[in-house]
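Structural description and commentary
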Amino acid sequence: MTDRSFRFSHAITRRPAASITAGLRAVDTGAPDLALMLAHHADYTAALRATGATIVELDALEPYPDSVFVEDTALCLPEGAVVMRPGAPSRLGEAAEMAPHLAALYGQVVSITGPGFIEGGDILVTEREILVGRSARTDAAGIAELIRLVTPWGHKVREVETPPGVLHFKTDCSLLDAETILATPRLAASGCFDGYRVIHTGEGEEAAANSIRFNDLVLAPAGFLRTAETLDRAGYNLRLIGNSECAKLDGGMSCLSLRFTPHP
Ligand code: CIR
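Residues numbered from 1 in each chain as written. Predicted model: local features only at pLDDT ≥ 70, side-chain atom pairs only at ≥ 80, totals over all residues. Heavy atoms only, no water.

For the coordinates displayed, the defined rule picks out two cavities of 30 Å³ or more. What the largest cavity holds in volume is close to 100 Å³. Forming the walls of the largest cavity are 13 residues, and the residues nearest its centre are Phe69, Arg91, Leu167, Leu249 and Asp250. Split into classes, the residues belonging to the lining of the largest cavity amount to five nonpolar, two polar and six charged. What the second largest cavity holds in volume is close to 30 Å³. Forming the boundary of the second largest cavity are Met37, His40, His41, Gly242, Asn243, Cys246 and Leu256. With three residues, the top contributor of residues to the lining of the second largest cavity is helix α1 (residues 34-50). The residue makeup of the lining of the second largest cavity, split by class, is three nonpolar, four polar and no charged. (1 Å grid on protein atoms, 1.4 Å probe; cavity = no way out; pocket = protein on both sides within 12 Å on 5 of 7 lines; lining within 4 Å. Points joined across faces, edges and corners; volume = space filled by probe spheres on them. Nonpolar A, V, L, I, M, F, W, Y, C, P; charged D, E, K, R; others polar. Helix = DSSP H or I, 4+ residues; strand = E, 2+ residues; numbered from the N terminus.)

Spelled out as structure tokens, the structure:
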């Protein structure tokens, strides 16, 4: 068993833009505080860097309010990067902005050209497969194009459902290690993780499901005590990161980075 699904040499992040106040959100819970978001973002980036990985921090991109959520722009596999085609019209252009940064680090960069749509937040890569959730942002045509692109690289894609009303598949789950997934009970109930070990988020703590395993750390949003205790007891090296401002825009730990180890 290798552990390529959570060992990373690189991550790309992008500083939040001042235009974040115009970012997309399902429910308006108030304007994000940019200064606090920048502080949380700096903690997040420092935690990734502390694992020894190279962190590429991109400048803020004002024309795209949601551009801090870089995960949605690409799928980064060891063999190459796939530039996504975001299903949110205001985010479509973010993918092209990311492409040159991936080309600087990868030998192979390919793109979803459409007509389908797909966002990185709907994609969970495990040791054995790539799970892709259909959602309001990711459709069957987008997934079909992804399958055509990554099958020649030896990857197996499984199409699953994102629970209704949930933004992205990974809003409700994350990979903790080669065999273990942190998931909300509502997503795990669908059976999509049968064959994996599943750890449930604590009662009323669905928002803790969007965490990330990055090398020896698990980065989880602060403020979810039951889930944090469970992860701690299970032996994960937990780092809690403030997420109050990104949460106002339906963002969490995974959205804030692209994580990868390009094959030489
Ligand atoms: C959006 O609605 O697209 C952003 N406000 C949040 C994106 C979060 N991304 C993610 O979960 N991968």
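Near the ligand you find 13 residues, and of these Asp66, Asp72, Arg91, Arg137 and Leu249 are the closest. One of the side-chain nitrogen or oxygen atoms of Asp66 is found 2.8 Å away from a nitrogen atom of the ligand. Glu71 places a polar side-chain atom, nitrogen or oxygen, 2.9 Å from a nitrogen atom of the ligand. Structurally, the ligand is housed in the largest cavity. Across the shell around the ligand, the residue classes tally to five nonpolar, two polar and six charged. (Near = heavy atom within 4 Å. Polar contact = N/O pair within 3.5 Å; in protein donor to acceptor, adjacent residues only side chain to side chain. Sits in = over half its atoms within 2 Å of the grid points.)

Spatial strand order, β2-β1-β15: three strands in an open sheet with mixed pairing. Only two strands of the sheet have a single neighbouring strand rather than two, namely β2 (54-58) and β15 (258-260). Neighbouring strand axes in the sheet, compared pairwise and without regard to direction, differ in orientation by 15° on average. Note that strand β1 (residues 10-14) and β2 share five bridges and pair parallel. Counterpart to Ile12 in the pairing with β2 is Val56. Its contacts with the sheet put α1 on β1, β2 and β15, and the angle it makes with β1 is roughly 170°. Packing of helix α2 (residues 92-103) onto the sheet brings it into contact with β1, β2 and β15, and relative to β1 it is tilted by some 150°. (Pairing = 2+ DSSP bridges. Axes fitted to C-alpha atoms, helices over the stretch in contact; angles between N-to-C directions. Contact = heavy atoms within 4.5 Å.)

Moving on, we come to the pattern of salt bridges. Considering all chains together, one arrives at 18 salt bridges under this definition. Residue Arg91 is joined to Glu94 by a salt bridge in which the shortest nitrogen-to-oxygen separation is 2.9 Å. Each member of the pair, Arg91 as well as Glu94, carries the same accessibility label: buried. Here Glu161 and Arg134 are joined by a salt bridge, their closest N and O atoms 2.4 Å apart. Here Arg134 lies in strand β7 (residues 130-134) and Glu161 lies in strand β8 (residues 157-161), a separation of 27 residues in the sequence. For Glu161, a relative accessible area of 45% corresponds to the partly exposed category. A relative accessible area of 27% means that Arg134 is categorised as partly exposed. Salt bridges linked by common partners bring Arg15, Arg49, Glu57 and Asp59 together as one network. (Salt bridge = Lys/Arg side-chain N within 4 Å of Asp/Glu carboxyl O. Buried < 20%, exposed > 50% of the residue type's maximum accessible area, 1.4 Å probe, protein only.)

Before going further, it helps to spend a moment on the UniProt feature "binding site: substrate" (unreviewed entry) in the protein. The sites that carry the UniProt feature "binding site: substrate" (unreviewed entry) are, in the present numbering, Leu24, Asp66, Glu71, Asp72, Arg91, Arg137 and Leu249. Of the annotated set, the members that line the largest cavity are Leu24, Asp66, Asp72, Arg91, Arg137 and Leu249. Tracing the backbone through its elements, the reader meets Leu24 in the loop between β1 and α1. Residue Leu24 is classed as partly exposed on the basis of its relative accessible area, which comes to 32%. Classification of Leu249 as buried rests on a relative accessible area of 4%. (UniProt positions renumbered as here; feature names shortened; annotations may be inferred.)

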